[in-house]
Amino acid sequence: MTGIGKKKATIYDLSILSGASPSTVSAVLNGSWRKRRIKEATAQLIQKLANEHGYTANLQARGLRSSRSGLVGLLLPVHDNRYFSSMAQSFEAQVRSRGQCPLVVSACRDPEEERQVVETLISYSIDELFIAGATDPDGVHKVCEKAGLKHVNIDLPGTLAPSIISDNYEGARMLTQAIVERALEDGPLSPDDLYLFGGRNDHASHERIRGFRDVKRASLGADPDVCIQPTGYSPAMTARAFEAFYEGHGKLPRAFFVNSSINLEGLMRFLALHPHETFADIIVGCYDYDPFGSFLPFPVFMIRQDSEAMITKGFAILDADRRPPITHLVRPTIVPPRTALIGPLDALKDIE
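What you are looking at is a predicted structure, and each value in this text was computed from that prediction instead of being measured.

*Asks:* Sorry if this is basic, but what is going on with empty space enclosed by the protein here?
*Replies:* For the coordinates displayed, the defined rule picks out one cavity of 30 Å³ or more. Phe84, Arg109, Asp155, Arg208 and Tyr233 are the residues nearest the centre of the largest cavity, which is lined by 15 residues in total. Contributing elements (two or more residues each) for the lining of the largest cavity: helix H5 (82-97) and helix H9 (203-220). Looking at the lining of the largest cavity residue by residue, the class counts come to six nonpolar, four polar and five charged.

*Asks:* Is there a simple way to explain the nonpolar core in this structure?
*Replies:* The tendency in soluble globular proteins is for nonpolar side chains to be buried side by side. Formed by 23 residues in total, the largest nonpolar core has its most connected members in Phe197, Phe242, Phe256, Val258, Leu267, Val284 and Phe298. Listing elements by their share of this core, those giving two or more residues are strand E6 (194-197), helix H10 (235-249), strand E8 (255-258), helix H11 (261-271), strand E9 (283-286) and strand E10 (300-304). A total of four residues in this core trace back to one element, the largest contributor, which is H11. Beyond its immediate stretch of four places on either side in the chain, Val284 contacts Phe256, Val258, Leu264, Leu267, Phe298, Pro299, Val300 and Phe301.

*Asks:* Is there a simple way to explain the pattern of salt bridges in this structure?
*Replies:* Where charged atoms of side chains with opposite charge meet at close range, the side chains can pair. Here the structure, examined in full by the defined rule, presents 17 salt bridges. The closest approach of N and O atoms between Arg217 and Asp214, which form a salt bridge, is 3.6 Å. One end of the pair is Arg217 and the other is Asp214, both in helix H9 and three residues apart, which spans about a single turn. Overlapping salt bridges bring together Arg213, Asp214, Lys216, Arg217, Asp223 and Asp225 as one network.

*Asks:* Just checking my understanding: could you explain the side chain of Lys216 for this structure?
*Replies:* Tracing the backbone through its elements, the reader meets Lys216 in helix H9. Here Lys216 falls in the buried class, since its relative accessible area comes to 0%. Leaving out residues up to four positions away in the same chain, Lys216 has contacts with Pro191, Leu194, Gly221, Ala222, Asp223, Pro224 and Cys227.

*Asks:* It is not clear to me how the packing of aromatic side chains should be interpreted in this structure. Could you clarify?
*Replies:* What characterises a pair of aromatic rings is the spacing of the ring centres plus the angle enclosed by the ring planes. Per the counting criterion, the structure on display carries 14 aromatic pairs. Here the aromatic cluster, defined as three or more aromatic residues joined through ring pairs, consists of Tyr195, Phe197, Phe242, Phe245, Tyr246, Phe256 and Phe270. Here the guanidinium or amino end of Arg210 rests over the ring plane of Tyr169, the centre of that ring lying 3.9 Å away.

*Asks:* Explain H5 here, please?
*Replies:* Working note: α-helix, 3.6 residues per turn, so residues spaced by three or four point in the same direction. Here H5 spans 22 Å end to end across 16 residues, near enough to the 22 Å set by a 1.5 Å rise per residue. For H5, the complete set of buried residues consists of Tyr83, Phe84, Ser86, Met87, Ala88, Ser90, Phe91, Gln94 and Val95. In the core, the buried residues of H5 are packed alongside strand E1 (71-76), strand E2 (101-106), strand E3 (128-132), strand E4 (150-154) and helix H12 (307-319). Among the residues of H5, the N-terminal cap falls to Asn81, whose side-chain oxygen and the backbone nitrogen of Tyr83 are separated by 2.9 Å. Looking at the residues trailing H5, positive phi occurs at Gly99, about 75°.

*Asks:* Looking at this structure, how should I read the sheet that holds E10?
*Replies:* Hydrogen bonds between backbone atoms are what pair the strands of a sheet, whose relative direction is either parallel or antiparallel. Taken together, the six strands give an open sheet; going across it, the order is E7-E6-E8-E9-E10-E12, and neighbouring strands pair in mixed fashion. The strands lining the two open edges of the sheet, one partner per strand, are strand E7 (228-229) and strand E12 (333-335). Bridge count between E6 and E7: two bridges; the pairing is parallel. Along E7, the bridge assignment pairs Phe197 with Gln229. Strand contacts of H9: E6, E7 and E8, with the helix running at about 180° to E6, the strand carrying the most contacts. Its contacts with the sheet put H10 on E6 and E8, and the angle it makes with E6 is roughly 150°.

*Asks:* Please explain unusual backbone geometry as it appears in this structure.
*Replies:* Peptide bonds are, in most cases, trans, and in most cases residues other than glycine have a negative phi. The phi torsion at Arg109 lies on the positive side, around 60°, for a residue other than glycine. As for its position among the elements, Arg109 is in the loop between E2 and helix H6 (111-123). Unusually for a residue other than glycine, Asp155 sits at a positive phi of about 80°. Its location among the elements puts Asp155 in the loop between E4 and strand E5 (163-166).

*Asks:* Help me understand the layout of surface pockets, please; the structure alone is not making it clear to me.
*Replies:* Taking a probe equal in size to a water molecule and rolling it over the atoms shows the remaining empty space. Estimated volume of the second largest pocket: approximately 360 Å³. What lines the second largest pocket is a set of 13 residues, and nearest its centre among them are Asn30, Gly31, Ser32, Lys35 and Leu71. Residues of the lining of the second largest pocket, tallied by class, amount to five nonpolar, five polar and three charged.

*Asks:* Please explain the environment of Phe298 as it appears in this structure.
*Replies:* As for its placement among the helices and strands, Phe298 is situated in the loop between E9 and E10. In this structure Phe298 comes out as buried when scored by relative accessible area, which is 4%. Along the chain, Phe298 and Ser260 lie 38 residues apart, while their C-alpha atoms are 17 Å from each other. Sequence-distant contacts of Phe298, defined by excluding residues within four places in its chain, comprise Met268, Leu271, Phe279, Ile282 and Val284.

Scoring rules and cut-offs
- Residues numbered from 1 in each chain as written.
- Predicted model: local features only at pLDDT ≥ 70, side-chain atom pairs only at ≥ 80, totals over all residues.
- Heavy atoms only, no water.
- 1 Å grid on protein atoms, 1.4 Å probe; cavity = no way out; pocket = protein on both sides within 12 Å on 5 of 7 lines; lining within 4 Å.
- Points joined across faces, edges and corners; volume = space filled by probe spheres on them.
- Helix = DSSP H or I, 4+ residues; strand = E, 2+ residues; numbered from the N terminus.
- Nonpolar A, V, L, I, M, F, W, Y, C, P; charged D, E, K, R; others polar.
- Core = buried A, V, L, I, M, F, W, Y, C linked by side-chain atoms within 4.5 Å.
- Buried < 20%, exposed > 50% of the residue type's maximum accessible area, 1.4 Å probe, protein only.
- Contact = heavy atoms within 4.5 Å.
- Salt bridge = Lys/Arg side-chain N within 4 Å of Asp/Glu carboxyl O.
- Phe/Tyr/Trp six-rings, centres within 6.5 Å; stacked < 30°, edge-to-face > 60°.
- Lys NZ or Arg CZ within 6 Å of the ring centre and 35° of its normal.
- Expected span 1.5 Å × (residues − 1).
- Polar contact = N/O pair within 3.5 Å; in protein donor to acceptor, adjacent residues only side chain to side chain.
- Pairing = 2+ DSSP bridges.
- Axes fitted to C-alpha atoms, helices over the stretch in contact; angles between N-to-C directions.

This is how it looks when you write it as structure tokens:
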């Protein structure tokens with residue numbers, strides 16, 4: 001191939017190799033080629049040559065971000081979760097209100113995938129990035145730092161970039177207290193009657209467990225280790241944990257705290273396989289909000305995390321001249337049973 005050798009390609013090198021003009025190559029690399037009505041075959045050829053000759057890596061290494069694209073990215077762990085979909089809805093609305101274009105992607109809680117996805121977003125010359133619930137936020141930070149990309153952590157904190165997260169400890173305290181008070185209306189509650197299911201080895205789970213245990217010790221006098229049942233953020237694993245408890249005890253705990261709506265889905269899978277008597281008298285707290293959960297046949301208290309406030313705070317930090325790597329807490333709210341709140345989807349217009 002014509003004389004680039006080991007030197008990484010520039011736009012002008014790719015122009016020679018592809019036979020397209022430098023402006024066409026630039027449009028393909030910054031993602032505006034469709035607006036300029038460039039043929040898809042030409043775009044694919046240029047993208048293929050850019051990958052083969054390390055153009056994206058070269059862009060990151062040199063931080064060549066000479067102009068703003070108007071693109072703002074949001075990296076999610078998953079899409080299929082009401083909390084993160086609500087966050088994405090708030091993010092898109094705020095980005096558009098600033099005259100920019102939102103890009104929302106997920107990385108399935110895979111740290112290597114997180115870094116690769118961010119590298120791809122950087123190749124499209126995004127101006128800023130919100131990193132939500134990343135498994136390895138500091139690893140993503142290093143990719144962003146290398147490219148000179150402004151970024152902020154949302155939902156889970158890192159140590160190298162500013163973070164805005166829900167006050168998980170206080171939210172867990174509020175939720176556990178509500179569960180305990182409701183259970184005591186029906187009679188005495190022992191420490192063995194109140195369990196926590198779900199969560200993993202991350203900051204949010206640690207803080208929620210800490211809040212749960214502090215309230216249990218203060219209200220019920222003890223907190224046996226067996227009452228903490230970590231299952232990860234997996235409906236299947238959560239369903240199996242409930243099944244194992246049921247097989248061992250012949251019933252569910254009288255009251256329990258589930259660590260997310262993903263874990264609540266696991267509870268629903270378990271309940272679907274058992275008669276109504278299995279769950280006739282349970283009391284549930286869920287550290288996530290889903291309006292459908294409020295209308296289950298047993299009391300469900302929920303925590304609504306203020307993703308809109310977190311996104312607003314994130315933009316304020318990115319707009320500032322200095323962005324120290326500190327963590328900002330946003331207080332959540334508790335939602336009592338039989339309550340459906342207004343959310344981001346209410347802003348959508350009906351189309352007949």
